[in-house]
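Architecture and fold: a report
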Amino acid sequence: DYRRSSSRSRRVGLRCVDPCRRLERKREYQRRCNDRNGNGRVNHTDELIARNDIGNLARADLMLNIHNNATECRCGAGTEMLINRHRPWSAESRRLARAVQAAHVRRLQAFESSGWKVIDRGIGSGDYMSLRPATRHARRPSLMPAILGESLYLDRRRERARLRDPEVRTALAAAYFEGVTAWL
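To start, this report covers the structure provided alongside it. Every chain begins its residue count from 1, and numbering advances along the sequence as written. It should be noted that, the model being predicted, local features are given only for residues of pLDDT at least 70 and side-chain atom pairs only at 80 or more, the latter also being counted only at that level, while totals for whole chains, interfaces and linings use all residues. Remark: hydrogens and water are excluded; side-chain values derive from all non-hydrogen atoms of the structure.

It is worth spelling out the environment of Trp 89 at this point. Its place among the elements puts Trp 89 in the loop between strand 2 (79–83) and helix 4 (90–108). Spatially, the C-alpha atom of Trp 89 lies 8.7 Å from that of Ala 146, the residues being 57 residues apart in sequence. Secondary structure elements follow DSSP: runs of H or I no shorter than four residues count as helices, runs of E no shorter than two count as strands, and numbering proceeds from the N terminus.

Structure below.
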């Protein structure tokens, strides 16, 4: 894991400086390297921007955000793909989302029973960092088609039971692969 290796290297380096400067250097390092949005704080938003940066620097063809859903009301169920319709490549994101969603529904149907049927929630719109267009608040968006997949709901007992099954998780991985392959 590169983060573990980097962390170990940083710790070795910090031991080489005198103890009075250690804290000062650590704060400066965090501010310079981790404060990606320039607000003076390191938080979850910085991590999300870093993901966009990594994809952009690698010149990735697409960005997949693989999630499982949950709601406070515990009223949702099913599988859906989210895109942002206000991006220059939203048509490609929509085409990718349709391909991945169709593969999800097809793969999950193999696990239906009398007590559980897959619910196709279709393609929705989301305002997540990796899906956002360039704005005042998202100055470094991902520069490729992007989707956020919500495979199943963790707060629904029957869907959570499906997610515990390694065969279902393998089927979901295969669905992402099939969808991306169809999109390409």
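Having seen the model, we can carry on.
On to the side chain of Arg 87. Assignment of secondary structure puts Arg 87 in the loop between strand 2 and helix 4. The buried label applies to any residue whose accessible area, calculated with a 1.4 Å probe on protein chains only, is under 20% of its type's maximum; exposed applies above 50%, and partly exposed to all values in between. Note that His is not counted, nor are the chain ends; the positive residues are Lys and Arg, and the negative ones are Asp and Glu. Every case where a carboxyl oxygen of Asp or Glu lies within 4 Å of a side-chain nitrogen of Lys or Arg is listed as a salt bridge. Nearest to the buried, unbridged Arg 87 among oppositely charged side chains is Asp 127, at 9.5 Å. When near neighbours in sequence (up to four residues on either side) are disregarded, Arg 87 contacts Ser 130, Leu 131, Arg 132, Pro 133, Ser 142, Leu 143, Met 144 and Ala 146. Contacts: residue pairs with any heavy atoms within 4.5 Å of one another.

Now for the state of the cysteines. When two cysteine sulfur atoms lie within 2.5 Å, the pair is treated as a disulfide. Tallying each qualifying case throughout the model produces one disulfide. Between Cys 73 and Cys 75 runs a disulfide, and the two sulfur atoms are separated by 1.8 Å. Here the S-S torsion is close to -45 degrees, and the disulfide linking Cys 73 with Cys 75 is therefore left-handed. A residue is classified by how much of its surface remains accessible, and Cys 75, at 57% relative accessible area, is exposed.

Let's shift gears to the sheet that holds strand 1 (residues 63–69). Any two strands between which DSSP finds at least two bridges are classified as paired. Taken together, the four strands give an open sheet; going across it, the order is 1-4-2-3, and neighbouring strands pair in mixed fashion. Two strands bound the open sheet, and with one partner strand each, they are strand 1 and strand 3 (120–125). Strand-to-strand twist of the sheet, defined as the mean angle between neighbouring strand axes without regard to direction, takes the value 20 degrees. Across five bridges, the pairing between strand 2 and strand 3 is parallel. Considered in strand 3, the bridge of Met 81 is made with Ile 123. With axes taken as lines fitted to C-alpha atoms, and helix axes fitted only over the stretch in contact, angles between N-to-C directions fall between 0 and 180 degrees.

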